[in-house]
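Chain by chain, the residues:
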Amino acid sequence: MNKMSIKKDDLVVVLSGKDKGKQGKILTVLPKESKVIVENVNIVSRHTKPRKQGEEGGIIKKEAPIYACKVQRVCPKCNKPTRIGHKVEGDKKVRICKKCGAEI
């Protein structure tokens, strides 16, 4: 399994691709595929058939996974995209901002 330094509900910015520069919250992390699903980023059209009686089919817009290496965590203190460092304080491991040193 791949180690990922970003978690669910982190605010991230997209570094490359058609949605470059967009910010969003991480909805799902897929560590086996090294992918994440970000809110309002990489929107795709999904054509669905009605499965139950009374259910509507049609074209549904939804977020698709993107590679985790294409997003970077936004520091809450300095509001800039940053790499994540780790520091051990006592008996717990905390994530820190590489730019300003603030705890994330």
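Each remark here, short or long, concerns the structure printed above.
Predicted model, so just to flag it, every value in this text is computed and none were measured.

## Structural notes on the overall build of the protein
Piece 1. What the protein contains, in helices and strands, is zero helices and ten strands.
Piece 2. For the protein, the α and β elements follow one another from N to C terminus as β-β-β-β-β-β-β-β-β-β.
Piece 3. Relative to the compact-globule value of 13 Å for 104 residues, the protein shows a C-alpha radius of gyration of 17 Å, a clear excess of over 25%.
Piece 4. Each principal axis of the C-alpha distribution contributes one length, and for the protein these read about 60 × 30 × 20 Å.
Piece 5. The 104 residues of the protein split such that 27% are buried.
Piece 6. Just so you have it, the protein exposes about 7500 Å², and 48% of that area is on carbon and sulfur atoms.
Piece 7. Looking at charge distribution, the protein has the averaged site of its 26 positive side-chain charges lying 6 Å from that of its 11 negative ones.

## Re the state of the cysteines
Piece 1. Scanning the entire structure with this criterion turns up zero disulfides.
Piece 2. With no disulfide of its own, C69 has C97 as its nearest cysteine by sulfur position, at a separation of 20 Å.
Piece 3. Cysteine C75 shares no disulfide, and the gap to the nearest cysteine sulfur, in C78, comes to 3.5 Å.
Piece 4. With relative accessibility at 0%, the residue C75 sits in the buried group.

## What to know about the side chain of N42
Piece 1. Looking at the element boundaries, N42 is found in the loop between β3 (35–38) and β4 (43–48).
Piece 2. We classify N42 as buried; its relative accessible area is 16%.
Piece 3. A distance of 3.3 Å separates the side chain of N42 from the backbone oxygen of P65, its partner in a polar contact.
Piece 4. If we ignore the near neighbours within four places in the chain, the residues touching N42 are K18, D19, K62, E63, A64, P65 and I66.

## Examining the pairing of strand β7 (residues 71–74)
Piece 1. Pairing of strand β1 (residues 11–14) with β7, which is carried by three bridges, proceeds in the antiparallel orientation. Bridge pairing in β7 places V12 opposite R73.
Piece 2. The pairing of β7 with strand β8 (residues 81–82) spans two bridges and is classified as antiparallel. Of the residues in β8, the one forming a bridge with V74 is P81.
Piece 3. Counted between consecutive antiparallel strands, the loop separating β7 from β8 contains six residues, among which N79 sits at a positive phi close to 55 degrees.

## Some details on the environment of K7
Piece 1. Positionally, K7 belongs in the segment before β1.
Piece 2. Sequence separation of K7 and L30 is 23 residues, and the distance between their C-alpha atoms is 10.0 Å.
Piece 3. With residues up to four places along the chain from it excluded, the contact list for K7 reads I26, V29 and R95.

What counts, and at which threshold
Residues numbered from 1 in each chain as written. Predicted model: local features only at pLDDT ≥ 70, side-chain atom pairs only at ≥ 80, totals over all residues. Heavy atoms only, no water. Helix = DSSP H or I, 4+ residues; strand = E, 2+ residues; numbered from the N terminus. Rg over C-alpha atoms; globule rule 2.2 N^0.38 Å. Buried < 20%, exposed > 50% of the residue type's maximum accessible area, 1.4 Å probe, protein only. Areas by Shrake-Rupley, 256 points an atom, 1.4 Å probe, with all protein chains shown as cover. Lys, Arg positive; Asp, Glu negative; His and termini not counted. Charge placed at Lys NZ, Arg CZ, Asp CG, Glu CD. Disulfide = S-S within 2.5 Å. Polar contact = N/O pair within 3.5 Å; in protein donor to acceptor, adjacent residues only side chain to side chain. Contact = heavy atoms within 4.5 Å. Pairing = 2+ DSSP bridges.

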